[in-house]
Amino acid sequence: MLCKSESYDGLYIIKVVMIYKDLVEEIDAYMERDPAAHSRLMVFVSYPGLHAVIWHRVAHWLWGNRLFILARLVGHFGRWITGIEIHPAAAIGRRFVIDHGMGVVIGETAEIGDDVTLYHGVTLGGIAPSVDSEMQKQVKRHPTVLDGAIIGSGAQVLGPVTVGRNARVGANAVVVKDVPDGVTVVGIPAKPVDAVAVAPDRFAAYGTPTQDTPAREERAIAGLLNEVSALRRRVEELEKEQAQRIVPAPPEGGDDTDAETDAPHS
């Protein structure tokens, strides 16, 4: 039989191996989604999004073990060196990528699935007022982002809404309602670009479609511009027809002059 020390050593080795595999998996996710990532070493030493997630893993473990103040201190340190604020209680899945990262805020009750991508300036925040904060404790106040979702830079996802699997949130959109699986939303407030869901394996940088069908608003504007051009041409034609119908009037007093000229002299 193994003694307790040997058992602890074995568990420690297993945990170290698991942490190493998870770290390699996180780095590979950056390699797959960021063409600027030239090597694993580059990602490990210079990507603030990866650093923020690593510090969050530590803070989240401390929070789960009820070391709340220490967890907040670790989270604060991670925010100080990365510019990314993640509450220690937030639940984050595997292969989570924060590209660029500056200004990202993830609230306490936020839940993030696997293979999710966030860009800089994203907020996963709440909408409840600051009054009666005691009544809001242990209450779901922040978004849930399911597997494979992409949220573009500057987007604000507010309240206990759900961003569906493989959904896309365009840059600077404000999401206050649930986003269905595979749907791309843009604008303020965010609305679907099209009813057709995007392919799960199609990556959309910044969550914004670049080759998809134009949004309904764009098609409507293009139609209005075509109508304006047609109306302008018609107005020009009418002006030409009106100009041709106008006959120049004879000069005033012309007949009196001729009569005086023809009259005999006395």
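See above for the structure.
Residues numbered from 1 in each chain as written. Predicted model: local features only at pLDDT ≥ 70, side-chain atom pairs only at ≥ 80, totals over all residues. Heavy atoms only, no water.

**Remarks on the overall build of the protein**
Right, on to step 1. When its secondary structure is counted, the protein shows six helices and 15 strands.
Right, on to step 2. Taking all 266 residues of the protein together, the buried fraction comes to 32%.
Right, on to step 3. Working note: accessible area of the protein is about 17,300 Å², and carbon and sulfur atoms make up 60% of it. (Helix = DSSP H or I, 4+ residues; strand = E, 2+ residues; numbered from the N terminus. Buried < 20%, exposed > 50% of the residue type's maximum accessible area, 1.4 Å probe, protein only. Areas by Shrake-Rupley, 256 points an atom, 1.4 Å probe, with all protein chains shown as cover.)

**Topic: the pattern of salt bridges**
Right, on to step 1. For the structure shown, the criterion picks out 10 salt bridges.
Right, on to step 2. For E25, the salt bridge goes to R95, with nearest N and O atoms at 3.0 Å. Note that E25 is positioned in helix α1 (residues 4-33) and R95 in the loop between β2 (91-92) and β3 (97-99), a separation of 70 residues in sequence.
Right, on to step 3. With a relative accessible area of 21%, E25 lands in the partly exposed category.
Right, on to step 4. Between E26 and R57 there is a salt bridge whose closest N-O contact spans 2.6 Å. Placement of the pair is E26 in helix α1 and R57 in helix α3 (residues 48-64), with a sequence separation of 31 residues. (Salt bridge = Lys/Arg side-chain N within 4 Å of Asp/Glu carboxyl O.)

**Quick word on the sheet that holds strand β8 (residues 144-145)**
Right, on to step 1. Reading across from one edge, β2-β5-β8-β11 is the order of the four strands in this open sheet, with parallel pairing throughout. Strands at the two margins of the open sheet, each flanked by one partner only, are β2 and β11 (162-163).
Right, on to step 2. Two elements, β2 and strand β5 (residues 111-112), share two bridges in a ladder whose sense is parallel. Counted as the bridge partner of I92 is I112 from β5. (Pairing = 2+ DSSP bridges.)

**What to know about a nonpolar patch on the surface**
Right, on to step 1. On the surface, W61, L67, I69, L70 and L73 cluster together into a nonpolar patch covering about 560 Å² of accessible area.
Right, on to step 2. Counting residues per element, the nonpolar patch draws most heavily on helix α4 (residues 68-82), at three residues.
Right, on to step 3. By secondary structure assignment, the location of L73 is in helix α4. (Patch = residues over 30% accessible without salt bridge, like charges linked within 9 Å, V, L, I, M, F, W, Y side chains within 5 Å.)

**A few points about the environment of M102**
Right, on to step 1. Looking at the secondary structure, you find M102 in the loop between β3 and β4 (105-106).
Right, on to step 2. Remark: the alpha-carbon pair of M102 and V122, spanning 20 residues in sequence, is separated by 8.9 Å.
Right, on to step 3. Other than its neighbours up to four places away in sequence, M102 contacts T82, G83, I84, H120 and G121. (Contact = heavy atoms within 4.5 Å.)

**Overview of the nonpolar core**
Right, on to step 1. Core analysis: the biggest nonpolar cluster contains 38 residues, and F96, I106, L118, L124 and I151 have the highest contact counts within it.
Right, on to step 2. Where this core is concerned, the elements lending two or more residues are α1, α3 and β3.
Right, on to step 3. Once residues within four sequence positions are removed from consideration, L124 is found in contact with V105, I106, G107, I112, L118, H142, P143, V145, I151 and V157. (Core = buried A, V, L, I, M, F, W, Y, C linked by side-chain atoms within 4.5 Å.)

**Examining the environment of H100**
Right, on to step 1. Along the chain, H100 turns up in the loop between β3 and β4.
Right, on to step 2. Distance in space between the C-alpha atoms of H100 and S153 is 9.3 Å, their sequence separation being 53 residues.

**What to know about the side chain of R168**
Right, on to step 1. Looking at the secondary structure, you find R168 in strand β12 (residues 168-169).
Right, on to step 2. Note on R168: relative accessible area 2%, which makes it buried.
Right, on to step 3. A distance of 3.3 Å separates a polar atom in the side chain of R168 from the backbone oxygen of G148.
Right, on to step 4. Among the polar contacts listed, one links the side chain of R168 to the backbone oxygen of N166, at a separation of 2.7 Å. (Polar contact = N/O pair within 3.5 Å; in protein donor to acceptor, adjacent residues only side chain to side chain.)

**Observations concerning α4**
Right, on to step 1. Compared with an ideal rise of 1.5 Å per residue, which puts 15 residues at 21 Å, α4 spans 21 Å between its outermost C-alpha atoms and is within 8% of the ideal.
Right, on to step 2. Along α4, the positions that sit buried rather than exposed are A71, V74, G75, G78 and T82. When α4 is viewed along its axis, its buried side chains cluster within an angular range of 95 degrees and face the same direction. Every exposed residue of α4 that faces more than 90 degrees away from the buried side is listed here: I69, L73 and W80.
Right, on to step 3. Following α4 by one or two positions, G83 adopts a phi angle in the positive range, close to 75 degrees. (Expected span 1.5 Å × (residues − 1). Arc of directions from axis to C-beta.)

**Remarks on the packing of aromatic side chains**
Right, on to step 1. Evaluated as defined, the whole model comprises four aromatic pairs.
Right, on to step 2. For the ring pair Y30 and Y47, a centre distance of 5.6 Å and an interplane angle of 85 degrees mean the geometry is edge-to-face. Here the residue Y30 occupies a position in helix α1, and Y47 occupies one in the loop between α2 (40-46) and α3, the gap between them amounting to 17 residues. Across the pair, Y47 and Y30 agree in class, each one buried.
Right, on to step 3. By the ring-pair criterion, three or more aromatic residues cluster together here, those being W55, F77 and W80. (Phe/Tyr/Trp six-rings, centres within 6.5 Å; stacked < 30°, edge-to-face > 60°.)

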